[in-house]
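Fold and contact review
This is what each chain is made of:
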Amino acid sequence: MAPGEANTATAGAPARRRRVLLFPLPYQGHINPMFQLAGLLHARGFAVTVFHARFNAPDPSRHPAYGFVPVPDGLPAGTPETVAATMEHILAVNTSCEAPFRERLAALLAAPGARDEVACLVADAHLLALVRVARRLGVPTLVLRTGSAACFRNFLANPVLCEKGYLPVGAESQLDAPVRELLPYRVRDLMGANSRSRHEHELMCELLSRAVEAVRSSAGFVLNTFDALEADDLAATRRDLAGVPVFDVGPLHKLSPASSSSLLQQDRSCLHWLDAQAPASVLYISFGSLASMSGEDLAEAAWGVANSGQPFLWALRPGLARGAALPDGFAAATGGRGLVVGWAPQEEVLAHGAVGGFWTHGGWNSAMEGACGGVPMLCRPCFGDQMGNARHVEHVWRAGIALDGGVLERGAVEAAVRRLMRGEEGEGMRGRARELRSRAAAAVADGGSSRLCVDKLVNHILWL
Ligand code: UDP
């Protein structure tokens, strides 16, 4: 048996099942951790088959060792542009993939020897319909949630928070009220705090309760986090999910063998540009794969960065500001100290010594990648779990600043960039970010908490 391989053969015992099926939710922030988990399990001796929607389909040529089963979804191309449309899209992925997934999974299971080979399906927590399909066909299911443990506690608490009147938010004045059941969240940090209509509120409640059902009915719950980052939230999650084993195996991108699952072409030239910059001098800016901003906010962000005088690398995704471009004069004003690319190799950028700060929308992958890079963060959350993540970055990790809601204003941006990148306050945040990096490194080192959890996960799957 190769080192690290799944232990399948004890003398006289039946061979254990060693093929894992995966189904990611088809968005970048969900695809990356699912493929990282795939890489991890493959390195431990499992064969991997990825079922996937046609929408945002992965590129099989990047993962020649895996099987791929496309599942027709009939969904229109193009990323949903509003929060409500994104939630509706998640439900539509469930509905439209359900029947074709059933057919394809049944066909796979009907192949000779398949029943003895398939150990389980690992599905994204937002794919309840597909979890149910697998279970009805006799395949055990594990669920991967790509957010934090704290965020999942918010999922669990949502019905109580609605019952107690925190949600839907009635008046602006409620936004800063502490949520006693979920400290240190304030109302504004909750999933759904910025729902703009009864319809959006109901969609959010439905998404959260479906994810909780997927997790509660699963044979195991995988989280991309680690004990030294979220010890209390993990302990509370384990208490709440009595009976469902929880595997905190993050940061997955540090544990998994590298292989990119980026949907967009990453511009690697920016790594050479970073090589020529002074240590910890560059502000890296990226708002992830889904968040959007108005043309006005983009202009204010740009002038704030320009006026700060700070060197920067901006991963300005096409579509971020729905067609709006950087303002006239911005390139001339920042010439020589800034680089703008469409999409960056973010994990490598954040691990680069020249990067000294990260302006992020606060997606969980970005927050983890920033923490693992030891980089303090300026968070400008837009929706979903981003507000709660920003709250943790600022208030719990004390490794960054949250630029809460409202319209962006160049003076506020300039001041925040200066606080993050310079002076004693910036140094303090950088020091705490580096402490997070050390804790992440310890979690994935031999004997570290996440590595031990991977061992447990491997054994758990083998004995399902
Ligand atoms: N990402 C990237 N290049 C970029 C910006 C982002 O590869 O220029 C990756 C990033 O490393 C992360 C993912 O896209 O893994 C974004 O996930 P996150 O949870 O941060 O945000 P989402 O896109 O889901 O809002």
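Everything discussed here concerns the structure shown above.
1. Points about the site of the ligand
Near the ligand there are 20 residues, and of these Ser289, Ala344, Asn365, Ser366 and Glu369 occur at the shortest range. Here an oxygen atom of the ligand sits 3.1 Å away from a polar atom, N or O, in the side chain of Gln266. Between the ligand and Asn365, the relevant distance is 2.8 Å, taken from an oxygen atom to a side-chain nitrogen or oxygen of the residue. Protein coverage of the free-state accessible area of the ligand, which is 540 Å², stands at 95%. Sorting the residues of the shell around the ligand by element identifies α1 (28-43), β8 (282-286) and α13 (364-372) as the ones contributing at least two each. Sorting elements by how many residues they give to the shell around the ligand places α13 first, with four residues. Of the residues assigned to the shell around the ligand, the class counts are six nonpolar, 13 polar and one charged.

2. Let's talk about the environment of Leu403
Counting through the fold element by element, Leu403 comes out in the loop between β13 (400-402) and α15 (410-421). Of the residues examined, Leu403 reaches a relative accessible area of 13% and is grouped as buried. Each C-alpha atom of the pair Leu403 and Trp359 lies 9.9 Å from the other, and the pair is 44 residues apart in sequence. Ignoring sequence-local partners within four residues, the contact set of Leu403 consists of Trp359, Leu378, Cys379, Arg380, Pro381, Leu408 and Ala416.

3. Considerations on the pattern of salt bridges
Scanning all chains against the criterion turns up 22 salt bridges. Arg238 is the partner of Asp248 in a salt bridge, and the nearest nitrogen-oxygen pair spans 2.7 Å. Placement of the pair is Asp248 in strand β7 (residues 246-248) and Arg238 in helix α7 (residues 227-240), with a sequence separation of 10 residues. Overall, the relative accessible area of 33% leaves Arg238 in the partly exposed class. Notably, a salt bridge pairs Arg419 with Glu425, separated by 2.8 Å at the nearest N-O pair.

4. A word on unusual backbone geometry
In the segment running from Leu167 into Pro168, the intervening peptide bond is cis, with an omega of -5 degrees. In this fold, Pro168 is placed in the loop between α5 (149-163) and α6 (198-216). At the junction of Gly250 and Pro251, the peptide bond is cis and its omega measures out at -10 degrees in the coordinates. As for its position among the elements, Pro251 is in the loop between β7 and α8 (252-255). Residues other than glycine seldom take positive phi values, yet Arg322 does so here, at roughly 45 degrees. Secondary-structure assignment places Arg322 in the loop between β9 (312-315) and α11 (330-334).

5. Some words on the packing of α5 against α7
It is the contact of α5 with α7, at a shortest axis distance of 8 Å, that shows an interaxial angle of 40 degrees. Seen along the crossing, α5 lies across α7 with a hand that is left-handed. Contacts between α5 and α7 pair Ala149, Ala150, Phe152, Arg153 and Leu156 from the former with Glu230, Asp233, Leu234, Ala236, Thr237 and Asp240 from the latter. A per-class count over the contact of α5 with α7 returns six nonpolar, one polar and four charged.

6. Some remarks on the sheet that holds strand β2 (residues 47-53)
An order of β3-β2-β1-β4-β5-β6-β7 is seen for the seven strands of this open sheet, with the pairing classed as parallel. Looking at which strands have only one partner, the edges of the open sheet turn out to be β3 (67-71) and β7. Shown here is a sheet whose adjacent strand axes are inclined to one another by a mean of 20 degrees, direction ignored. Strand contacts of helix α4 (residues 128-136): β1 (19-23), β4 (118-124) and β5 (141-145), with the helix running at about 165 degrees to β5, the strand carrying the most contacts.

7. Examining the packing of aromatic side chains
What the rule picks out here adds up to 14 aromatic pairs. Centroid distance Phe35 to Phe68: 6.3 Å. Interplanar angle 20 degrees. Geometry classified as stacked. Of the two residues, Phe35 is situated in helix α1 and Phe68 in strand β3; the sequence distance between them amounts to 33 residues. According to the relative accessible area criterion, Phe35 is buried, its value standing at 4%.

Rules of the game
Counting starts from 1 at the beginning of each chain's written sequence and moves along it residue by residue. Totals for whole chains, interfaces and linings use every residue, but because this is a predicted model, local features are given only for residues with pLDDT of at least 70 and side-chain atom pairs only at 80 or more, for both listing and counting. Side-chain descriptors were evaluated using all non-hydrogen atoms of the structure, hydrogens and water having been removed beforehand. Proximity criterion: a residue is near a molecule or strand once any of its heavy atoms comes within 4 Å of it. Here a polar contact is recorded for every N or O atom pair within 3.5 Å, except that within protein the pair must consist of a potential hydrogen donor and a potential acceptor, and residues adjacent in sequence are included only if both atoms are side-chain atoms. Per-residue and other accessible areas follow the Shrake-Rupley method at a 1.4 Å probe size, with only the shown protein chains counted as cover for residues. In DSSP terms, a helix is any run of H or I states spanning at least four residues, a strand is any run of E spanning at least two, and both are numbered starting from the N terminus. Charged residues are taken to be Asp, Glu, Lys and Arg, nonpolar residues to be Ala, Val, Leu, Ile, Met, Phe, Trp, Tyr, Cys and Pro, and polar residues to be all remaining types, Gly included. Throughout this description, buried means an accessible area under 20% of the type-specific maximum (1.4 Å probe, protein chains only), exposed means over 50%, and partly exposed covers the range between. Residue contacts are counted whenever heavy atoms from the two residues lie within 4.5 Å of one another. In the sections that follow, a salt bridge refers to a side-chain nitrogen of Lys or Arg positioned within 4 Å of a carboxyl oxygen of Asp or Glu. Helix axes are fitted only over the stretch in contact, all axes being lines through C-alpha atoms; the angle between N-to-C directions runs from 0 to 180 degrees. Crossing chirality is assigned from the near helix's rotation relative to the far helix, an anticlockwise turn below a right angle marking it left-handed and a clockwise turn marking it right-handed. Two strands are said to pair when DSSP picks up at least two bridges between them. Between rings of Phe, Tyr and Trp, where Trp is taken as its six-membered ring, a pair exists when centres lie within 6.5 Å; planes separated by under 30 degrees are stacked, by over 60 edge-to-face, and by other angles tilted.

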